[in-house]
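Observations on the three-dimensional arrangement
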Amino acid sequence: MEKSQLFERLGEGHGAALTVVTPNRRLAQSLARDFASHQAARGLAAWETADILPFESWVRRLWEEAAQAEGEALPLLLSPAQEHAAWEEAIRASRYAKELFALGPAVVQCREAWHLAHAWRIPLDARRIPNEDGRAFLEWAGNYERSLRERGHADPARAADLLAPMLGGARLRKPATLAMAGFDIVTPQQRGLLERLADCATAVVDVAFASRASRLARVALADAKSEVDAAARWARTRLEAAEGSPRIGIVVPDLAQSRSRIERALANVLAPGHRIAAEAPVLPFNVSLGLALDAHPLVADALHVIDLAGAHAPFEHASRVLRSPFVAGAETEREARARLDARLRRRAMPELSLDSFVRQGEASGSAAPDFIDRFRRLAEFRKSDLFEARAASGWARAFSDALRIVGFPGERPLDSREQQTLARWHELLAQFATLEQVSGKMGFQLARERLRRMAREAIFQPKAPDVPIQVMGILESAGQEFDHLWVMGLTDDAWPLPARPNPFIPVAAQRAAGIAQADPAASLELDRRITQGWMECAPEVILSHATMRKESELSPSPLIAMLPAETPEALGVRSFTPLHQAMRAASAIETIEDGKAPLVGEGMSRGGTGLFKDQAACPFRAFAKRRLLAEEIETPHTGLDPRDRGTLLHEMLKAVWDRVVTQERLASMSPGQIETLLGECAEQALAAMKRRRAETLSGRYGELERERLVRLARTWLEVERGRPVPFRVLKTEEECEVEFGGVRVKGRLDRRDELEGGRIAVIDYKSGACRTGAWEGDRPDEPQLPMYALGGPDAGRVSVVAFAQVRTAGSRFRGVSDAPNLVTGVTTVDKDRSQLKEYGSWDRLVAHWRTELDRIGRAFAAGDARVDPKNLRVTCKQCEQHPLCRVAEKAPFGAASGDEEGEADD
Amino acid sequence: MTEAFVAPDQAERDRALDVARSFIVQAPAGSGKTALLIQRYLALLSRVERPEEIAAITFTVKAAAEMRNRVLEALRGARQSRRPGSAQDARTWDLARAALERNDVLGWKLEESADRLKVQTIDALCASLTRQMPVLSRFGGQPEVIEDATALFAEAAHNLLAMIEEEGEEAQSVARLLRHLDNDAATAAKLVAEMLARRDQWLRTLDRKTDRQSLERALDEVRRVAVEEMLALWPEGEKCPKLGTDDWITQAQEWTTQKGEWRKVGSIAPAAIRAVEAMLEAMCAVKSLPPGRYSDVQWDALEAMLRLAPLAIAQLQLVFAKHGKADFTEFALRALRALEGEEGATDLLLVLDYRIRHILVDEFQDTSFTQFKLLELLTSGWEPGDGRTLFVVGDPMQSIYRFREAEVGLFLRAWKEGVGSVALEPVTLSANFRSHAGIVDWVNHAFARVMPVSADARTGAVKYAASHAVHPREERATHMHPFYDSDSAGQGRTVAEVAREARGSVAILVRNRSHLLEVLPRLREAGIAYRAVEIESLRHRPAVSDLLALTRALSHLADEVAWLAVLRAPWCGLTLADLLAVAPGEAPITVWEGVRDEARLAKMSADGRTRLERTRALLARALAARGRLGLRDVVEGVWLGLGGPACVEGDIDLEDAETYLDHLEAMEESGSLPDLEAFVESVEKLFALPDLESPDCVQVMTIHKAKGLEFDTVIVPGLAGETAKDDASLFLWMETTEGALLLAPIKPAGVEKEPIYDMIRRLDKTKAGHEVGRLLYVASTRARKALHLLGDAARDWKTGAVKEPGRTSLLHKLWPAVAHHFEPGDPRRNTRAVGRSVPVAAQGSLRRLDFDRFRFEAPAAVAWNAPREREEAEPIEFSWVGDTSRRVGSVVHRWLQRIAEEEMRGWNRARVEKHRGAIRASLTAAGLIEAELDSAAARVVAALTGALEDPRGKWLLGPHPNARNEYRLTTRVDGVRRDIVIDRLWEDLAETWIVDYKTSSHEGAELDKFLAAEEVRYRPQLERYAAALGKAGARRGLYFPLLKGWREWGSD
Ligand code: SF4
């Protein structure tokens, strides 16, 4: 039957009793649309809807009708989701369940194998399946069949076979004519059903699509990107040239991967300004493929909420929920929640439980009460309702209750896309509930995984209006007609499709049965027919391919290689200026001088002595960190971070010296006494930290940390014990104020000792390597100790400055003093091993410090905020302000940063 | 090349084409090995039953494509053109001709299905094997390949460490590990993650004996062998003390200095001993031997690691499974597992439908242990003369992929022992078709010194094999440009000069990207166009850096640095003073709140305020729509709206921006970034796309990238660059001479010496040292006509003498051959290098859009007739009750349709009851859950019996003329198409009836009110039906079977 005849018959309405079946949904829709245009062109305002549907749906419909016609309860024909779950159960019941890396894909392939075997009549004979893959499949298939039998369900893979004998039933309505449209392949199973139908007086006919003479062209483009771009420009050129609404098709073999690239290219070419328009315009194209449901943020967030109700969830999931727009109060508390999240990040572990999430939220004196309240209720609900095994329907209900508790889908009104997504989500939950038909009770974990997987596999696309440009995959292009068609991606490695036999049925059997995907020769034949189909389905057909992919050269598919290559330009394809280029062409840049911030006001400056360190390292950094107080977001990490460990060390040594006080006392203590003391001090140090990092420190890790502190302090006390001049610790962690160059800051001096004879030593604990060279030059790396020496308590009497390098191995003092042999490891200036020795004497060093510290202070006070890192490579490496200071714009700062082998600094 | 030309090694080449035998071919640079591979492939084609029986394995995807294309070309050539004149080409043509005949006879259609030529990378081969063996590989289904699995390794490492808080022995092991590492969890996690990344190397060691006794036995052996090797050198006649190993160590320590030289004062070794050439080295080896036992601390740590290793692997598997992704190593390991099979080796015939009978491997010198094992399995059971062959080609002198687990020792081993059961005949090629004689001669001369004198599989030492140039000598070909004292600017200038002067293709090759820091700016200054392949990370390109800030800001409202950066970026360009005005400072608010705070805004400059308001409007829009678009779309939209493209410096930045945005899209999951920190790190590894359109400009790339390429002129700057110290590994391992396994745990934090660890580490360093020489070889042999080497030597400050270059540098290797180019300088010259800084002029400058001059209008959109938007359905309320009613409704409709179709004949309460089972089945099929089934079925039955027993129902369902049920129509109103379904319709002469069934239920009184409300609700629907039918005068009815209710109107 010709297509025109078909439409004529369809136009007769129900009287004709004509049903059209297609191999896929896309073609059914396209035919329906064609028919509608046909009817509309006849001037009708209403007509009987044509009965056009994919083969599978038709079989399902027949099943339902048969069930009703007989009045007997026919077994339940499993829905795709149920079928999937039944296979999953079948595999789970085998010994492989635990060993397999991923069950999901195995399920998909098994189901495919099962369908193939039935569709192509391949006997699954244990004797003919010799390898383990095949044997495993047989075992699973056995389980699957047993489950069907026991539960009295019908197998979708055999629905056509089961239906065939029922077709004779008088009550079952059958079409007078069944038209088959666009079938490149008819499987033996399908043929069986059709033959039976023919026996029952239904006329089965093929729909022939009139082939048209086409203007054919092959276009070779540099790479996939230019290919897509050319197709987009072509589409716009043709659309603008046409009168009325042409049908323009673009066929993309790897649509799933390149979908967004194509959408973007089309959008950018068709409406360059669409991204900056106040209201998003309707664009004249539609992509036939939807996104996975779980890729829609609304659904993803719902799943994250459910995740969070499990035993543990990654912090990032919790964080996402905390900032989700789909939770009640998301607008009202938007900023508060972001701040809460930033705060939690500083103390959280990379994984957390709902309870601890809520606890931490409560503890941080939250400004987001609504959120905390809802999640507290969720935590309670979890305890009562999200435990123990239950049926799928029970879980579906519990999940939707959990979502209700957190106020999903939030207070922002949903737009139409979100509305449809939400409806689809509800449908998914309902579908999930029906899994109770095929699987027994399950625990939370399994239920959640299944729901997640179903959401990932549910491809969903919000409805789109009828538009002239249709983008589709290869399968959906079969049998369609266009005014203009562009098929892209036809390289020799992609087309003909490489053979991909199903791994669960012996390849030879598949080949013998005639399954194209299992046999290169059959695949070539099929793809040649498809190519021929393209070449005849539109007056203009363009077949294109890229010549390069990354670094590899590509050749055209042999099926199109005989066409002479043409350029898009030769085909009249126009160029359109992309938005960003137009914008760049209009660019107008000015450069102004802005290195000086307003003067610093009176009073205390923020940032402590670190301010001077920053100002010396880079004035802009001091401005950003100490005046703007700009901080970035942190990411939770395993264990304590170096900062916390440093704090613990300080607290530990403070506790020790607060009790021991003098070297003499230390010397008098027995090892046993020292051990007791250290144990107590470690407890004390940890107690403070535990308030902030309870989760981290509560268990064995905290115990190890205690051990570490004791160990460190023990080795350190050895160093102290050996000091030549007896000393008394005057103060530990002493708060003080220091001022240089008019800038006053708060400081906290780790320790101040008085040596016998009256000298004062200032000491800074370091857990990493340290060097006296850090006090040298006009931009000292570590100006803190000089600041205390010159401006702290007892400033006049300080004559020893020393780093105390406290480490498991290599603990020592490093410093300088005004006389020799005061502290082990501390020398006079002229004996120093760094460039500090060039100052020659203590007095000259101190004078130098005074000058430089004053200068640094004055620069800060004056608002000096130049981007002037001391050493681009070193200083900027540990600085988080580079997006703000824009150093990359000023000097080639990053070229070395991507180095695979790296290189030593300094 | 003329017809008469015969390559100097032609006999070897011919031999290698014997398709009955297996070979290992050493093919130095430029020896035309690809041509040889093609020829062999063609030769094999004419012998096999199916083309798939030949598996060719290449190192890169690019090489696979190239080889396949060349085979196809040869086939096409043989089909279409005449036999060429030159001997080589004719040979290929003949072979291709024979292959074609085979193709035609057996109907392969190779020219049309290129996929049948199985030329692929080892990764692709593994993927195809595991795909066909989902159960044997235990994959179940193919996961997605992830090239950079760093984040997953980190996740697995974290999970492993988190076990510390669990019960059981595992926790103890974790605790022991942490204690060993000073309880530094971050370092521990990093080490475990790195260990997982390299599991390909050590996994197989876990199968071996790792108890303390066996390991210490291995240790003993190592010590004994070292002493024996030293004693073997002992000069005859010299008295040899009888000492135990430990005493020998002491003796060696006495005789040699820290620096590894003979001691000249104090305890001096006898002159005769010092005179033996290799004695010093052997003595030093003895000196640094570890003690014969593990210390308890070491053993404790090692044991913990050995226990944790399998657990870490298990965690990794879980993480892979959770993400549905796996790295190439996992594929390879699974492929191995599948091939090994459960009950003996797997028969591939059953899996693939063909047997692999011939294997060709290119770049065999860069094979890893796993790949080697894979080859062994694929060839297991092969016997000489059974028609199956293995053909491996490579150049051990070009093995430079240690960091990707390449193990050059495997080539050396295969050379001697073959692969598995297959013995390989060695073939050595020596003709060089690439470079001019000047270069070949220099390379022969220099690398005989650079490379070790003898091969050693254990240390990866490869001996140099000389080449013979086919091309004659031209002008001076090799140039060493000496520089002194970190003169990178000088090097940059010279590179630019050479590049400008050079004719033909030019490449600048470096070992490290950082060696280009000074070079690229000079090229730009000199106006030389270049194309850098994976050289410049995009992370700090201003355009990308700004986009990254925007991404961060839009991802997190509390990211202050990012938010302020957005305000400072050229599109907004706030001054420092204005920033200070709006920044939150000490207030507990976000920047976003700050910029909307009137009190703060009042403190801003007028210009700043205008700028801010423009930016704020766009950001507000984006924030209001969060969670609606993909993150990429949001970021790009805001960027475009702000005028981002107008802010970039060059066109290239626009491309970079796109590369970044594409990357963002690839990394985001459902509209946000799952891990911001990991994302920022990944941007670090993002490079500008190579420009495919301009192949003629100067190419800049790493030596690794240049492998397999050739250029007329090659410039190698930065020869003196050193590599950073290797990071520590959790544990190290080595095989002893006798094949025993030796393991050493990492040093505890802060400990400097750990003899066993250090000893294995030295072996590693030796291997690395050998590879440096090979890297240099690869760089040098890329050149066809001219080779320029640039290196920098330090000179002693006091004496001006040239110092030897650093040990890990390329120049150090080359030193014996080029030292004479370097001259001493003036003594006492100040040579202190200074840190790099920002130019003074740029320190205080702010670059930004000038809105007085920036005017912009978007290019026009396509002109077309957009359809009118359809009005939307009312919001959906989800509840279980609603859902059940919907399903009940649909089932009731279906049964009413049937009853009506049968004009109610034989229908009564009893018959409905009889169908209760079928009704239940319908409900289940419609998706109703079990718990609701009984009540729902009851409602359906109630509805049906209600209708059957209600006079109104009887009238409705009974016979009518021209009746239709579930009548489907399509309407078209104002261009909008709509499908409708009319439940029941009939027409007789007098009137037309349009009836819709509603299964609403209602409890309580005031039924009439309820029905009236329902009528109001559904009236428009029925009006539409009437309109569609063109029957404005039709009577309309709503029937409520559950309520036996009825409303009608119309016609009057
Ligand atoms: S990144 Fe460098 S230039 Fe920028 S603020 Fe930090 S130190 Fe200064």
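First things first, this report covers the structure right here in the doc. Since the structure is predicted, the reported quantities are computational estimates derived from the model, not experimental observations.

With 160 residues, the main nonpolar core has Phe364(B), Leu390(B) and Leu730(B) as its most contacted residues. Among the elements that line this core, the one with the most residues is helix 14 (residues 296-323) of chain B, at 12 residues. What Leu390(B) contacts, discounting residues up to four positions off in sequence, is Ser22(B), Phe23(B), Ile359(B), Val361(B), Leu375(B), Thr379(B), Trp382(B), Val419(B), Val422(B) and Leu424(B). Membership of the second largest hydrophobic core comes to 92 residues, among which are Leu100(A), Leu354(A), Trp425(A) and Ala433(A).

Now for the sheet that holds strand 12 (residues 506-510) of chain B. Residues and elements named next belong to chain B. Across the sheet, which stays open at both edges, the six strands sit in the order 11-18-15-12-14-13 with parallel pairing between neighbours. Every interior strand has two partners, whereas the edge strands, strand 11 (478-484) and strand 13 (530-532), have only one. Recorded for the sheet is a direction-independent mean angle of 20° between the axes of neighbouring strands. Bridging between strand 12 and strand 15 (residues 711-716) involves three bridges; their strand directions are parallel.

Another point: the interface of chain B and chain A. Taken together, the contact pairs 207 residues of chain B with 203 residues of chain A. Across the chain B to chain A interface the summed buried area is about 17300 Å²; carbon plus sulfur atoms make up 54%. The interface formed by chain B and chain A contains 26 salt bridges. Its salt-bridge partner being Glu632(A), residue Arg552(B) comes within 3.1 Å of it at the nearest N-O pair. Joining chain B to chain A, the criterion identifies 79 residue pairs in polar contact (both at pLDDT 80 or more). Of all the elements, helix 36 (residues 880-901) of chain B adds the most residues to the side of chain B that touches chain A, at eight residues.

Residue and element names in this part refer to chain B. Taking strand neighbours across the sheet as the criterion, the six strands line up as 3-2-6-7-1-8 in an open arrangement whose pairing is parallel. Every other strand in the sheet has two partners, leaving strand 3 (119-121) and strand 8 (425-428) as the edge strands with one partner each. When the angles between neighbouring strand axes are averaged without regard to direction, this sheet yields 20°. Across four bridges, strand 1 (residues 23-26) lies against strand 8 in parallel orientation. By the bridge assignment, Ile24 is partnered in strand 8 with Pro426. The strands touched by helix 5 (residues 122-132) are strand 2 (54-58) and strand 3; relative to strand 3, the strand with the most contacts, the crossing angle is about 100°. The sheet contacts of helix 18 (residues 408-417) involve strand 1, strand 7 (389-394) and strand 8, and relative to strand 1 the element is tilted by about 130°.

Residue and element names in this part refer to chain A. With respect to the secondary-structure elements, Glu449 resides in helix 18 (residues 444-457). On the basis of relative accessibility, which here comes to 44%, the residue Glu449 falls in the partly exposed class. C-alpha of Glu449 to C-alpha of Val252: the two residues are 197 residues apart in sequence and 32 Å apart in space.

All names here are of chain A. Neighbouring the ligand are Cys618, Phe620, Arg621, Val867, Pro869, Thr875, Cys876, Cys879, Gln881, His882, Cys885 and Val887. Those elements that place two or more of their residues in the shell around the ligand are helix 24 (619-628) and helix 33 (882-885). Of the residues assigned to the shell around the ligand, the class counts are eight nonpolar, three polar and one charged.

Here the focus is the environment of Trp425(A). Residue and element names in this part refer to chain A. With respect to the helices, strands and loops of the structure, Trp425 is situated in helix 17 (residues 416-433). Looking at Trp425, the relative accessible area reads 1%, which means it is buried. In the structure, Trp425 is positioned 306 residues away from Ala119 in sequence and 32 Å away in space, judged by C-alpha atoms. Setting aside anything within four residues of it in sequence, one finds Trp425 in contact with Leu293, Val299, Ala302, Leu303, Ile306, Leu403, Phe408 and Leu451.

Residues and elements named next belong to chain A. Where strand 23 (residues 727-740) and strand 24 (residues 743-755) come together, 12 bridges link them in antiparallel fashion. Of the residues in strand 24, the one forming a bridge with Cys736 is Gly747. Between the antiparallel neighbours strand 23 and strand 24 lie two residues, among them Gly741 with a positive phi of about 55°.

Another aspect to go through is the side chain of Arg247(A). For Arg247(A), the location among the structural elements is in the loop between helix 9 (224-241) and strand 9 (248-251). In contact with Arg247(A), other than residues within four places in its own chain, are Ser30(A), Arg33(A), Asp34(A), Pro468(A), Gln480(A), Glu481(A), Phe482(A), Asp483(A) and His484(A).

For any two helices packed against each other, one specifies the crossing angle of their axes together with the interaxial distance. The interhelical angle for the contact between helix 29 (residues 700-721) of chain A and helix 7 (residues 169-180) of chain B, taken along N-to-C directions, is 30°, at an axis separation of 11 Å. Classified by the angle between their axes, helix 29 of chain A and helix 7 of chain B sit roughly parallel to one another. Here the hand of the crossing between helix 29 of chain A and helix 7 of chain B comes out right-handed. Packed against helix 29 of chain A, whose contacting residues are Arg700(A), Tyr701(A), Leu704(A), Glu707(A) and Arg711(A), the element helix 7 of chain B presents Ala171(B), Gln172(B), Ala175(B), Leu178(B) and Arg179(B) at the interface. A per-class count over the contact of helix 29 of chain A with helix 7 of chain B returns five nonpolar, one polar and four charged.

What counts as what
Residues numbered from 1 in each chain as written. Chains lettered and ligands numbered in written order. Predicted model: local features only at pLDDT ≥ 70, side-chain atom pairs only at ≥ 80, totals over all residues. Heavy atoms only, no water. Core = buried A, V, L, I, M, F, W, Y, C linked by side-chain atoms within 4.5 Å. Buried < 20%, exposed > 50% of the residue type's maximum accessible area, 1.4 Å probe, protein only. Helix = DSSP H or I, 4+ residues; strand = E, 2+ residues; numbered from the N terminus. Contact = heavy atoms within 4.5 Å. Pairing = 2+ DSSP bridges. Axes fitted to C-alpha atoms, helices over the stretch in contact; angles between N-to-C directions. Buried area = accessible area lost by both parts, 1.4 Å probe. Salt bridge = Lys/Arg side-chain N within 4 Å of Asp/Glu carboxyl O. Polar contact = N/O pair within 3.5 Å; in protein donor to acceptor, adjacent residues only side chain to side chain. Near = heavy atom within 4 Å. Nonpolar A, V, L, I, M, F, W, Y, C, P; charged D, E, K, R; others polar. Parallel < 35°, antiparallel > 145°, perpendicular 65-115°, else oblique. Left-handed = near helix turned anticlockwise from the far one by under 90°.

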